[in-house]
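Survey of secondary and tertiary structure
The primary structure of each chain is shown beneath.
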Amino acid sequence: MSQRSLVLLKPDAVRRGLIGEIIGRIERKAGWAITALELRTLDQDTLEQHYGEHKGKPFYEPLMGFMQSGPVVALVVEGERVIEGLRTLAGPTDPIAAAPGSIRGDFGTIVRENLIHASDSEESATRELKIFFPGLV
Ligand code: RTP
Ligand code: MG
């Protein structure tokens, strides 16, 4: 089943020069394609829409600050079961718990600075793609 996912390379990934490394891992997955890509600095409004489910949690305000601390790379990735596959490629939220071989397991430091966002379901992907790439048909 071909799907679309919204990926963000978070400010720590851009700062640490890991854009190529992470995009390379995505590109090497057979059958997946990057169909949109943009470097951009996110504003509070965009982030509130994106991470609205976490509003009120203790990590929400620090997360907002971190996500605005530098540019991110926003990508659309398309392919077979790409939503589940990208979550596996990324690894669990906490880099300490993430297996070596996953992006967070190999490069993550603390739970907030975990390098990559990938949509966690078809519903999230649809919602997030509208926020970041509203022109997509
Ligand atoms: P994401 O939404 O960014 O793809 O990450 P996720 O699904 O793996 O994790 P989620 O629970 O949705 O949390 C969103 C992001 O908030 C930061 N976070 N900090 N305890 C903490 O300090 C904490 N918990 C979460 C992380 O950047 C996480 O990816
Ligand atoms: Mg999430």
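What you see is a predicted model, and the numbers here were worked out from it, not measured in a lab.

**Observations concerning the overall build of the protein**
Looking only at helices and strands, the protein features seven helices and four strands. When the helices and strands of the protein are placed in sequence order, the string is β-α-α-β-α-α-β-α-α-β-α. In terms of overall size, the protein behaves like a compact globule, its C-alpha atoms giving a radius of gyration of 14 Å where 137 residues would be expected to give roughly 14 Å. Considering only C-alpha atoms, the protein reaches an extent of 40 × 35 × 25 Å along its principal axes. Put simply, 70% of the contacts in the protein that link residues at least 6 apart link residues at least 24 apart.

**Let's talk about the site of ligand 1**
For ligand 1, the full set of nearby residues is H54, F59, L63, T93, V111, R112, N114, H117, A118 and D120. For the shell around ligand 1, the class distribution of residues is four nonpolar, four polar and two charged.

**Let's talk about the UniProt feature "domain: Nucleoside diphosphate kinase-like" (unreviewed entry) in the protein**
The UniProt record annotates "domain: Nucleoside diphosphate kinase-like" (unreviewed entry) at residues 2–137. End C-alpha to end C-alpha, residues 2–137 measures 15 Å, and it is 40% helix and 21% strand.

**Describing helix α7 (residues 122–132)**
By the burial criterion, the buried members of α7 are A125, E128 and F132. Looking straight down α7, one finds that the buried residues subtend no more than 75 degrees of arc, so they occupy a single side. Where α7 is buried, its residues contact β1 (2–9), α3 (44–50), β3 (72–80) and α5 (82–90).

**A few points about the pairing of β1**
Put simply, side chains in a regular strand alternate between the two faces of the sheet. With respect to burial, β1 is a largely interior element, six of its eight residues being buried. Sheet topology note: the β1/β3 ladder contains eight bridges and is antiparallel. Following the sheet pairing, L8 is matched in β3 by A74. Pairing between β1 and strand β4 (residues 116–118): three bridges, direction antiparallel. Bridging from a neighbouring strand, L8 pairs with H117 of β4.

What counts, and at which threshold
Residues numbered from 1 in each chain as written. Chains lettered and ligands numbered in written order. Predicted model: local features only at pLDDT ≥ 70, side-chain atom pairs only at ≥ 80, totals over all residues. Helix = DSSP H or I, 4+ residues; strand = E, 2+ residues; numbered from the N terminus. Rg over C-alpha atoms; globule rule 2.2 N^0.38 Å. Contact = placed C-beta atoms within 7 Å. Near = placed C-beta within 6 Å. Nonpolar A, V, L, I, M, F, W, Y, C, P; charged D, E, K, R; others polar. UniProt positions renumbered as here; feature names shortened; annotations may be inferred. Buried ≥ 20, exposed ≤ 12 C-beta atoms within 10 Å, placed from the backbone. Arc of directions from axis to C-beta. Pairing = 2+ DSSP bridges.

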